[in-house]
Every structure is written in structure tokens, then in C-alpha cells.
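Residue-level listing of the chains:
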Amino acid sequence: SNHMDLHGTGLMLNSKGVKIRRCADSRTLSSCCVAALMVSVFAGAAVHAQIPTHPVITEVYTDPPGANDGPVGHDPGNMHQEYIEIYLPPAAFLDASLNKEALKLAFYEVEGDSSSSGTGLVNYRFDLPTFDLNSANGITPGALPRPPSGVVVLGWLDYVGDPPTALAGGVNSRVALIHGGITNTGGEYLFVAINGNHFGGTNNFPTVVAESKIDVPSETRSGVIQNGSAAYLLVNRDAAGYLEYCDDQHAVDCASGANPMLANEFAGLGVDSLLDGYACNDDSLFDVLSQPYDAPTGDDLDLETVLPLGGPFSLLIPQVPERDGNRPVPGVANGYARRLVDVLKSTENASAFDDDPVEDALSAYRHVRNAGPYFPTPGQAVLTSSPPQLSVAGPIEQFTEVLSATTGRPGVLIVNSGGAFGLDATAEPVTSGDQAVATVEAGLVATNVVGQAFGFPTLEVTPSPDAVHGAQTQVDVVVMAENTNFGDPIVITPTGNTSTTVTILNPVSGLNAAGQPFEATIFVAAEAIPEDALVTNEFADSNLGLYISANLGGVVLETFDRTVLLLNPALDMSLGSTIHTALLLVEIFPEIESDFINLPGGVGTPDLVTTVLQSAEQAVAPATYTGSINLGQTGVKAIAFDIPETRTYNGPYATPDRLHFADAKGFIADPRSGLTNVSTSRTFELAILETNTRPDDTLESGATDDFGMLVRVKQTEAGSPMVEGQFVFLSMSGGFQGADIDTLEISPGAAVATIIYLDLDNLHDQLGIISIDQFIPIDSSGNGELDIMEIYSLNPFQCLPADNDCDGDIDLADYDIFQSCVSGVGQPATPQCVLYDFDGDQDVDLIDFSTFTQLFTGSL
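What you see is a predicted model; the values in this text were computed from it and never measured. (Residues numbered from 1 in each chain as written. Predicted model: local features only at pLDDT ≥ 70, side-chain atom pairs only at ≥ 80, totals over all residues. Heavy atoms only, no water.)

**Student:** Tell me about the overall build of the protein, and please be specific about residues and values.
**Tutor:** Scanning the protein from N- to C-terminus turns up 13 helices and 46 strands. When the backbone C-alpha atoms are referred to their principal axes, the protein occupies close to 115 × 60 × 55 Å. Considering only residue pairs separated by 6 or more positions, the protein has 74% of its internal contacts joining residues 24 or more positions apart. Entry remark: accessible area of the protein is about 33,400 Å², with carbon and sulfur atoms responsible for 54%. The protein carries 31 positive and 110 negative side-chain charges, and their two centres are separated by 13 Å. (Helix = DSSP H or I, 4+ residues; strand = E, 2+ residues; numbered from the N terminus. Contact = heavy atoms within 4.5 Å. Areas by Shrake-Rupley, 256 points an atom, 1.4 Å probe, with all protein chains shown as cover. Lys, Arg positive; Asp, Glu negative; His and termini not counted. Charge placed at Lys NZ, Arg CZ, Asp CG, Glu CD.)

See below:
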């Protein structure tokens, strides 16, 4: 190819102006990755529609339901078998270097699994029929016209027999295994039969010229479009750098063999032939933000040798993870689709300096899921100008947990699967479910859900006071959508039906590595303190801030003596330069391993490091804290805070604010969860105030505030299995002991601070822990971005007036002691009786009895 180096930048244009990057140096892509973090799914940003100047891959459906991906033995209830979808732009938009009168395309799949014996080799090649995109001057002999929608689908025809003995139907009535089986497409799109040459061929569907022989019967059962790691390439057969490769099972049939050598710039398939491409990566260690890898990782990651940094295809083929670990729809993809055909990738815009596979992987593609709400859509390429369309996920995707003593507001999972026009959606329960478990009502409308974006119309779920942990009820739900803006194209399929399953959550223990009940669980909630341009100190006016101001030194105690500053109305909570630098109001995690800490545990119990290393979370997910423990395993990246001794139960503080509880895995603010945006009557014993400011006065989202939490036991009940000084690595909501908080990105806008609340009652009720005196957060993100400003005991261990046994309430035991003091037993002034001498006259008399009665009845 006629490569031209752009002034030593490592960027090059090939002979048809497509950008490539040599990247022969060893620099990292960290700046790209940071930028890509800001590129979430297309969700309302300004859209600059531009039809691409070349054909693109719009969908690859890899994993239909059932055991078989091919047509033989497929699940008869499945609407679709595997297929490939390609969009052909109109002739007026086509790049001048491409032959619009006779466009010749080929689709390659290149193996990417590191464990495969054929890594880097071709799995199959389909040569599409020749297309004439310019019908105004007639159709080139032997070519096919561009279908009206521009969409071409490659897929299977139905077979007869197992193993196959024929194609079903006649030559004019073959059945395509999409949309439940069709014999024609209505003329809107073109279906090309990948097995159309078998058993006499077909007239009603064009047939693909496939070097990659579909082997009967094996590949007709297993399919050819496999799940797993692979690179998909759409190439121009007329390009100078195009070479014809055969699949690795038939390599001898092609002069070039089966290895396109994508990692090699000087041999193999020429990058000038590439029109479009991406890769799916199912390696559990694959990090979408780290592609392409600039050096061997040592972990033998999928595709790292096929698309390495420096390889000519590496920046042009974004790698999309097969397992989507990001909320709201985590899980394994059943295929992949281009979001909006006319929103260009970084490799398709006019600039030659910003090719970025990370950005393209995050923003240009989405997962196809059998259970939706993004279902397989063969023959439908979505443009920004496409009408809005409601799609509702099936019941298998609609499930939620709701914490007892709360009202949860889980979102029903929908999308606008159409173009760049907003829709509003409402979810209404149409059955009541089991009201002995929970009451379910309609919640909030999801507004302005734009094309290819998720929406979450909410339900309002209130558990029954008598509902036990694990109780479930299922409620049928109808979702109704309408246009956000008058005059937009009307919403397609404006109604969808699904059902949601509600599970009541009220666990008392966490889990060990074997999944068995272990120690006790707690409940962690977070509340964002939004930035308010009209208020300098947003925390001072918060409900917690007002409560602290009224009760500091009584039922509220501070740890760092910073409250006077933190509640000062003149303190600008948005200025990180003040908070971090001028006033030093932030506690910092140790940065170097030699400063990591260890502390001894109670008599006969593990020290801090051992507690972390032996935790259930470390056993089941070692990556969580591996980077938080130093090389010699003698210290952990943590801070030990000596807090006011805090009673673990019956905390007096409850907030009217909406809170976000952590689930069993530590995740906070999943819009689908009934733990998000809740009202609760639960009370809390600890509150941690942390800032979201940075020293440069910008605000971080909180998404990297990952941390685990330990507490140290102070006092215990008689018979408790715990001892003073023992570390308890907390679990949350019944999850693994030691699970970390995965994210605190809980505010839809800028938040200057976050309050983290701990409800510790189960430490007392299950383990007999009366009080704790140390709080230890462990950094599990590696960034140390949990910036604690103050820790408040909301239930300090102090004996209240007349609470003689110091158990947190004035009860009959205290009454018995008081009676003995009134009657003269224990006089003249024993320590017990002194507590009841309220008027200080050195005598416990009827005046004191009146005061005690008021306290006693008030406590009841």
C-alpha cells in the first residue's frame, strides 16, 4: 500500500485515505483511556449524523438460544440463528476510491482465542455477491442492486434431516432462519444464504461464494459464527492489499494460506483493504481500557498477539468485551451491533490523529441480548433519523431486591432502540402480586430516553413488615411510551409487556468463601451532597449537617475535631484547593508499599493483613485486594482510624433523605435495584463524610472510590464468639466477607461530597459485639480516591442519664436499681445511686423519682 508518514507522528494514510497508526514506540494509551472513561453509551449528546463513506458491519449475532448455533438441532422456539449484517451506504456517499458500479466485498473472521491452535488464522471467509450501488445508469451485469434499506444479512437456510440431506422447501421457497423463518424479505433488505449452494442451491435468496466450506454435518450443528474471541473484518476485494485466504481447515485451497498476519505491517492482508471491523474478546482478564496491549502481558490474553500495539490493524479494530461487567445490564453478549450507523467511529472521521479503539469500543457498539432489551434485529440498521422505538427487556432481566424497612424504587429495564428522538416511558403494574411480600405501585416516568440509550421507568415497592428474608413475588408490568417532543416521528411499538420479580432482603450473616453463613452482615448506604451554585457549604445545610450541629458532643461525636470547620457556612465545599491543600481536611491513603500498615488483632485472632488475605472476598476474587497488599504481604494499603467508642445497635439517627444501599457485591446505585433511591426507617451508627473534590478544584465522580471496611471490636456481650481487639472484615447486605464498595457514583450531577452510612445492628444481634473503637478502610481501586474528611459516631458508647447498666435504653433493670436507691439500700452515695440523684442534693428522693419516671416512660 502507498503509505505516507505524517511528519514523523507514526500516523499514516493509506492509498485510499483510511487512517492507520504505526505506533512503533512503547508509549502507553493512558491518556486515551482516561478520555474514553468519559465516553459512555450514546445518551443524549449532540449527534452529528453523517452516512459513512464505506460499507460497515452493523450486527453479528453469535449465540442463539439452545445448544446449537447452526440450523441443525436448533431450538425450534428460537426466532433467529446466527447471522451477519452489513450496511451499504447510498452511492452518493461512497468514497470515490470504491467501485460503486461493482462493489466486491468479503467478510473474514480471524481467530483470537489464545488457547486455540489456530490463533490468528481465518475461521471463515464469505465473498458477498457483487453490488451495483448506482442504479441510475442500469445494473452492471452479474451484480445485484443495493436494497432500499441498504442492509444485507448473511445467514442460514433451513435443512431437512439430521445430518442434512436437503434444503427445506423448493428452489423458490427456501426458508431463511431469521424472523421465525422467511421466504422473502419484502424487498427492503437482502438475505444472502451462506449455505445456499448446498443440495441444489436456491433461487429466492442470493448465495454467497464461500471458500470456507461449510462442513456437513459438523458445522451445520455447531455453526460457524462462534462465540469467543475473534476479529471481524469487512474488506474490499478490489484493494491492492487484498489477499484471498481460506479457513484454517482448508488452507491448501488458497495460495495465500490461512494466516492474514494482522499483527504484521509488511506482509499479510493489506490494511488498505479494510473497510470496517471490530473484535469480540471473552478473556476474563481483558480490560477494554487497555487495548491494544503494547507488550506481552504474561497472561496470554486473547487477541493480544493478533492485534498488538504497533500492528497495522490494532487501532482500527476495537475490541469489545463479550462479558459486559458494567451496569445496568451485566452479562454475556449473544451478539454485537453498531449503535447508530451514521454516528462515526474515531477511525471514520476526517481527523487522522485520533484513532482510538477504546473510544470506539465504548461508544460505537452495544451488546445484543436474547432477553433484551436489545434483541437481534436482522435487516434493521439504525440511523439517527430512525423513529424512536420502545424495547422492553424480558422477565428474566427484570428482577430486584428491596431491603426490609425501606421503600425501593427499582427501574424497569427498557431502551429506545431507535434513532435520535426522545421518548418518555411509564411502568405500570397490572397485577398486584403477593401483598404479604410487598406492595408494588407505579413510580417515576423515564423522560427523554434518546436513541440507543437505556431508560428506567420506576416502580415503587414497599415490603410487608412481616415479609421474611428471601420472600419473593412476581408482578406483571406494562410499559407505555410516547414522544418526548411534539412533532417527532411517532414511537414504534409504544407498549411492551414484561414482569418483574421482587425479592425481600434482610440477611443477618455474610458469606464465607464456600458461600456458607459467616459472622454478621451490615448495611451500607450512601448519599450524595449535590453541588449548589447558590450555597457555599452544601454539607452544613444537609439533614445530617443540621443534626450534627444540634447534637455534637452528645449523641454525636467526631473523630478529627473538624466539625467547626466543616459546618462553617463560609467553607466552600467545592474548592479542593482549600480542602486538600490549605486546610488539610482529607485523610490520605499510603502511596508507597513501605508505608502500608499492619496491626495486631485481639488475643488469638489474626492480624490486619492476615484478616484481609484470609477473607472470603480475597478467596473468590483475588484481584480485589491483591494490589492493596505489599509484595512481602506485611502491610495493607489502609488507614486505621481510632473513632469514638461506638455502640453497634439502636443508633438514634434516621434520615428523611433518599439513600442508595450497597448490594451484596458492594455495588451502589444500580438503577434497576430496589436498593437505589430508597426511603428508609433504618437507623445508623456511623457516618463517614468524604469529599469529591480534587486539589485542582475539579470534582471526581466517585466511580474509583472502591474500598473495603474493617472495624475493631471493643466490648462484647457475655458468651460472644468475638474478643476485644479482633478485626471484623465487614460484609454488606449478605455478601462475601470483605467485599468492597464498587462505586460511589451516585449523583446524576456534580456532588461535592458523599456521606456513607453504616447500619451495624447485626454485629450486636449476631455476634454479641456491643461496641467498636476503630474503623479501617482499605483501598481496593489502587487510586486512593476515598478522601475521608470526618467520621461521626452517631451512637457513641456513653451512659445516658438513668441508664445504669449502659445498655442504650432505660428499662426495667434500671428501674430495679433506682427503687433500691430510693428505699435507702446502697446509700449513702454509691456510684449506682449517684446516677439517679438528678437534683444533686445527695439524696435519691421523690423529686428524683419524678425525673426518672419521665426518662423511663420516654425511653419506652
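There's more to say after this.
**Student:** Quick one: what's the story with the nonpolar core, residue by residue and with numbers?
**Tutor:** Formed by 67 residues in total, the largest nonpolar core has its most connected members in L154 and Y232. The next biggest cluster of nonpolar side chains, apart from the first, holds 39 residues, and it includes I643, A662, V728 and L786. (Core = buried A, V, L, I, M, F, W, Y, C linked by side-chain atoms within 4.5 Å. Buried < 20%, exposed > 50% of the residue type's maximum accessible area, 1.4 Å probe, protein only.)

**Student:** How would you explain the sheet that holds strand β22 (residues 390–392) if you had to name every residue and give the values?
**Tutor:** Across the sheet, which stays open at both edges, the three strands sit in the order β22-β25-β29 with antiparallel pairing between neighbours. Looking along the sheet, the strands with just one partner apiece sit at the ends: β22 and β29 (453–455). Across this sheet, the average inter-strand angle for adjacent strands is 30 degrees, counted without regard to direction. With three bridges connecting them, strand β25 (residues 414–416) and β29 associate as antiparallel partners. In the strand pairing of β29, N416 is matched with A453. (Pairing = 2+ DSSP bridges. Axes fitted to C-alpha atoms, helices over the stretch in contact; angles between N-to-C directions.)

**Student:** I'd like a rundown of empty space enclosed by the protein, residues and numbers included.
**Tutor:** Scanning the model with the defined rule gives three cavities of 30 Å³ or more in all. Each pocket or cavity is described by its volume, and for the largest cavity that value is around 60 Å³. Contributing to the lining of the largest cavity are E397, Q398, F399, T400, P410, G411, V412, L459, T500 and R672. (1 Å grid on protein atoms, 1.4 Å probe; cavity = no way out; pocket = protein on both sides within 12 Å on 5 of 7 lines; lining within 4 Å. Points joined across faces, edges and corners; volume = space filled by probe spheres on them.)

**Student:** Explain the pairing of strand β7 (residues 122–127) residue by residue, including any values.
**Tutor:** Both faces of the sheet carry side chains from a regular strand, because those side chains alternate between them. Among the six residues that make up β7, six are buried, leaving the element largely enclosed by the rest of the structure. Inspection of the sheet shows strand β6 (residues 105–111) paired to β7 by five bridges, in the antiparallel sense. Looking across to β7, one finds that Y108 is bridged to R125.

**Student:** So what's going on with the layout of surface pockets? Which residues, and what values?
**Tutor:** Reported here for the second largest pocket is a volume of approximately 550 Å³. Looking at the second largest pocket, it is lined by 25 residues, and the ones nearest its centre are T377, Q380, V382, Q389 and S417. Listed by contribution, the elements that provide at least two residues to the lining of the second largest pocket are β22 and β32 (495–505).

**Student:** Can you lay out helix α4 (residues 543–551) for me, pointing to particular residues and giving the numbers?
**Tutor:** Buried residues of α4: L544, G545, Y547 and I548, and no others. Viewed end-on, α4 has its buried residues packed into an arc of 165 degrees, placing them on one side of the element. Seen from the open side of α4, the exposed residues pointing more than 90 degrees away from its buried face are S549 and A550. Here the buried face of α4 lies against α5 (563–566), β40 (686–691), β44 (751–759) and β46 (787–793). A positive backbone phi angle near 95 degrees is found at G553, which sits one or two residues after α4. (Arc of directions from axis to C-beta.)

**Student:** Would you mind going over the sheet that holds strand β13 (residues 190–193) in detail, with residue names and values included?
**Tutor:** Ordered in space as β13-β10-β5-β4-β20-β21, the six strands form an open sheet in which the pairing is mixed. With one partner strand each, in any of the chains shown, β13 and β21 (365–368) form the two edges of the open sheet. Strand-to-strand twist of the sheet, defined as the mean angle between neighbouring strand axes without regard to direction, takes the value 25 degrees. In this sheet, strand β10 (residues 151–155) lies alongside strand β5 (residues 83–87) in antiparallel orientation, the contact comprising five bridges. Bridging across to β10, E85 finds its partner in V153.

**Student:** Kindly report on the side chain of N78, identifying the contributing residues and their values.
**Tutor:** For N78, the location among the structural elements is in the loop between β4 (56–61) and β5. Relative accessible area serves as the criterion here: at 13%, N78 is assigned to the buried category. Within the structure, the side chain of N78 is placed 2.5 Å from the side chain of Q81, a separation counted as a polar contact. Setting aside chain neighbours within four positions, we find N78 in contact with Y61, P64 and P65. (Polar contact = N/O pair within 3.5 Å; in protein donor to acceptor, adjacent residues only side chain to side chain.)

**Student:** Mind laying out the state of the cysteines, listing which residues take part and the relevant values?
**Tutor:** Evaluation of the coordinates by the stated rule reveals one disulfide. The side chain of C246 participates in a disulfide bridge whose partner is C254; the two sulfur atoms lie 1.8 Å from each other. In this structure the cystine formed by C246 and C254 twists about its S-S bond by roughly 75 degrees; its chirality is therefore right-handed. You'll find C246 and C254 in the same group, each marked buried. (Disulfide = S-S within 2.5 Å.)

**Student:** Hey, could you go over the confidence of the model for the protein for me, with residue numbers and the actual values?
**Tutor:** A residue-level look at the protein finds 92% of positions with pLDDT of 70 or above and a mean pLDDT of 89. Confidence drops under pLDDT 50 across residues 1–46; counting only partners more than four residues distant or on other chains, this segment forms 107 contacts. (pLDDT = per-residue confidence, 0-100.)

**Student:** Requested: an account of the pattern of salt bridges, with residues and values cited.
**Tutor:** Following the criterion strictly, the structure yields 15 salt bridges and no others. E460 is the salt-bridge partner of R409, the closest N and O atoms lying 3.4 Å from each other. Separated by 51 residues along the polypeptide, R409 in the loop between β24 (406–407) and β25 and E460 in strand β30 (residues 459–463) bring together distant segments of the chain. In this structure, R712 engages D773 in a salt bridge whose closest nitrogen and oxygen atoms are separated by 3.0 Å. Taken as a pair, R712 in strand β41 (residues 707–716) and D773 in strand β45 (residues 769–779) lie far apart in primary sequence, 61 residues in all. For D773, a relative accessible area of 14% translates into the label buried. Within this structure, R125, D127 and E244 form a network of salt bridges that share partners. (Salt bridge = Lys/Arg side-chain N within 4 Å of Asp/Glu carboxyl O.)

**Student:** Which residues make up helix α11 (residues 812–822), and what values go with them?
**Tutor:** Within α11, burial applies to D814, I817, F818 and C821. End-on view of α11: buried residues confined to an arc of 100 degrees, all on one side of the axis. Opposite the buried face of α11, by more than 90 degrees, sit the exposed residues L812 and D816.

**Student:** I'd love a proper account of the side chain of D302, names of residues and values included.
**Tutor:** If you trace the backbone, D302 turns up in the loop between β16 (274–281) and β17 (319–321). Buried and unpaired, D302 has no salt bridge, with R323 as the nearest side chain of opposite charge at 12 Å.

**Student:** Outline the pairing of β30, supporting the account with residue identities and numerical values.
**Tutor:** Burial along β30 is one-sided: the face carrying L459, V461 and P463 is buried and the face carrying E460 and T462 is not. In this sheet, β30 lies alongside strand β27 (residues 438–442) in antiparallel orientation, the contact comprising five bridges. Residue E441 lies in a different strand from β30, and its bridge partner there is E460.

**Student:** Lay out the packing of aromatic side chains in plain terms, naming residues and giving numbers.
**Tutor:** Taken as a whole and assessed by the stated rule, the structure comprises 26 aromatic pairs. Ring geometry for Y278 against Y336: centres 6.0 Å apart, planes inclined by 65 degrees, an arrangement best described as edge-to-face. Residue Y278 is found in strand β16, and its partner Y336 is found in strand β20 (residues 335–338); the two are separated by 58 residues along the sequence. In this structure Y336 comes out as buried when scored by relative accessible area, which is 1%. (Phe/Tyr/Trp six-rings, centres within 6.5 Å; stacked < 30°, edge-to-face > 60°.)

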